[in-house]
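Single-letter residue listing:
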Amino acid sequence: TAIAGMATADSTTPAGVTATLFAAEPLLVNPSDLDIDHRGRIWVTESLEYPRREPGPGKDRVKVLEDTDNNGSVDKVSIFAEGLNIPSGVAVGHGGVWVANAPDILFYPDANGDGVADGKPTVVVTGFGRSDTHELPNSLTWGPDGWLYGCHGVFTHSKVGKPGATDEDRLPLNASVWRYHPKKDIFEAFMNGTSNPWGVDFNDKGQAFLTACVIPHLWHVIQGGRYHRQGG
């Protein structure tokens, strides 16, 4: 089994585990999230704008990294999306690419999967705050139930809803895991608590686990659960 991730030059591995370099500067800069599609391509969000708080277009992007000769390292790099501002999550599926780019979650259509967007992105939901830009919506992950999951930090306060929604129709969020159903067009909180989670995944029984900082770091969480918070 192979795992793709991001590491520093002095990272160490436990006995029986080896790490090899797949891609490094200058092929990619300041990566924050990645996803692997069914063709083995790695989709990576890059940010040069961090820690900018102001929303709006920026210099950030989503890149596609490919190993076309299967030798274990990247030999093809393409830019899928540009003009972003601290994109902090990416997931491929349901005919396109989903990107967390506060205040929005964006969907870029790519029906034929050629790595070229079929048109401009759609704003799926909006209202994610930017008051603390290391606590943005992040770590987009497909759950075994077909929902798109993401994390949210404790000190950025959001009110998330459809574009044009009233305050009453928006969901307040801070420390939490949220989710969106791509077919039913439903956005909701999955659980609340912890601190600044970056990373949520599921085991083979469908149980959710997340990583957080400051307070205890590894959590097993359930739908509707309310957990210890860093503050508030």
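The structure this text deals with has already been given above.
Residues numbered from 1 in each chain as written. Predicted model: local features only at pLDDT ≥ 70, side-chain atom pairs only at ≥ 80, totals over all residues. Heavy atoms only, no water.

### Section: the sheet that holds strand β4 (residues 76–84)
At step 1: With respect to topology, four strands assemble into an open sheet ordered β1-β2-β3-β4, the strand pairing being antiparallel. In this open sheet, the two strands that pair with only one neighbour each are β1 (31–36) and β4. For this sheet the average axis-to-axis angle between neighbouring strands, irrespective of direction, equals 20 degrees.
At step 2: Where strand β3 (residues 60–66) lies against β4, six bridges are found, and the strand directions are antiparallel. From the neighbouring strand, V62 faces β4, where its bridge partner is A81. (Pairing = 2+ DSSP bridges. Helix = DSSP H or I, 4+ residues; strand = E, 2+ residues; numbered from the N terminus. Axes fitted to C-alpha atoms, helices over the stretch in contact; angles between N-to-C directions.)

### Quick notes on the environment of E188
At step 1: Along the polypeptide, E188 turns up in strand β14 (residues 186–194).
At step 2: For E188, a relative accessible area of 23% puts it in the partly exposed group.
At step 3: Taking the C-alpha atoms as reference points, E188 and G161, 27 residues apart in sequence, are found 9.5 Å from one another.
At step 4: The contact partners of E188, leaving out residues within four places of it in the chain, are W147, L171, W178, R179 and Q223.
At step 5: A distance of 2.7 Å separates polar atoms of two side chains, one belonging to E188 and the other to R179. (Buried < 20%, exposed > 50% of the residue type's maximum accessible area, 1.4 Å probe, protein only. Contact = heavy atoms within 4.5 Å. Polar contact = N/O pair within 3.5 Å; in protein donor to acceptor, adjacent residues only side chain to side chain.)

### Quick look at the sheet that holds strand β16 (residues 208–211)
At step 1: The strand order β15-β16-β17 describes an open sheet built from three strands, whose pairing is antiparallel. Here the strands that pair on one side only, and so sit at the sheet edges, are β15 (200–202) and β17 (218–221). Across the sheet, the mean angle separating the axes of adjacent strands is 25 degrees when strand polarity is ignored.

### Brief notes about the nonpolar core
In a soluble, globular protein the nonpolar side chains are often hidden away together inside.
At step 1: In this structure, F128 and F187 are the most contacted members of the largest nonpolar core, which totals 18 residues.
At step 2: Of all the secondary structure elements, the ones that give two or more residues to this core are β6 (96–101), β7 (104–109), β8 (122–126) and β13 (176–181).
At step 3: Every residue in contact with F128, bar those within four places of it in the chain, is listed here: A102, P103, I105, P137, H152, S158, V160, L173, W178 and F187.
At step 4: Counting 14 residues, the second largest nonpolar core, distinct from the first, contains Y149, V200, F202 and A208. (Core = buried A, V, L, I, M, F, W, Y, C linked by side-chain atoms within 4.5 Å.)

### Quick word on the environment of A212
At step 1: Mapped onto the fold, A212 is located in the loop between β16 and β17.
At step 2: Its relative accessible area of 12% is what places A212 among the buried residues.
At step 3: Spatially, the C-alpha atoms of A212 and G153 are 8.9 Å apart, while their sequence positions differ by 59 residues.
At step 4: Not counting residues up to four positions away in its chain, the partners in contact with A212 are T194, S195, N196, P197, H217 and W219.

### Focus on the packing of aromatic side chains
At step 1: Evaluation of the coordinates by the stated rule reveals 11 aromatic pairs.
At step 2: Summarising the aromatic geometry, the rings of W98 and W142 are spaced 6.0 Å apart at their centres and angled 85 degrees between planes, so their arrangement reads as edge-to-face. Of this pair, W98 sits in strand β6 while W142 sits in strand β9 (residues 138–142), and the two are 44 residues apart along the sequence.
At step 3: Judged by relative accessible area, W98 falls into the buried class, the value being 5%.
At step 4: Ring pairs connect the aromatic residues W98, F107, W142 and Y180, which therefore count as one cluster. (Phe/Tyr/Trp six-rings, centres within 6.5 Å; stacked < 30°, edge-to-face > 60°.)

### Regarding the pattern of salt bridges
At step 1: Tallying each qualifying case throughout the model produces nine salt bridges.
At step 2: The partner of R61 in a salt bridge is E46, with the nearest N and O atoms 2.5 Å apart. Of this pair, R61 sits in strand β3 while E46 sits in strand β2 (residues 42–46); the two residues are 15 residues apart in sequence, bridging distant segments of the chain.
At step 3: Taking the shortest distance from any N to any O, the salt bridge between K159 and D167 comes out at 3.1 Å. (Salt bridge = Lys/Arg side-chain N within 4 Å of Asp/Glu carboxyl O.)

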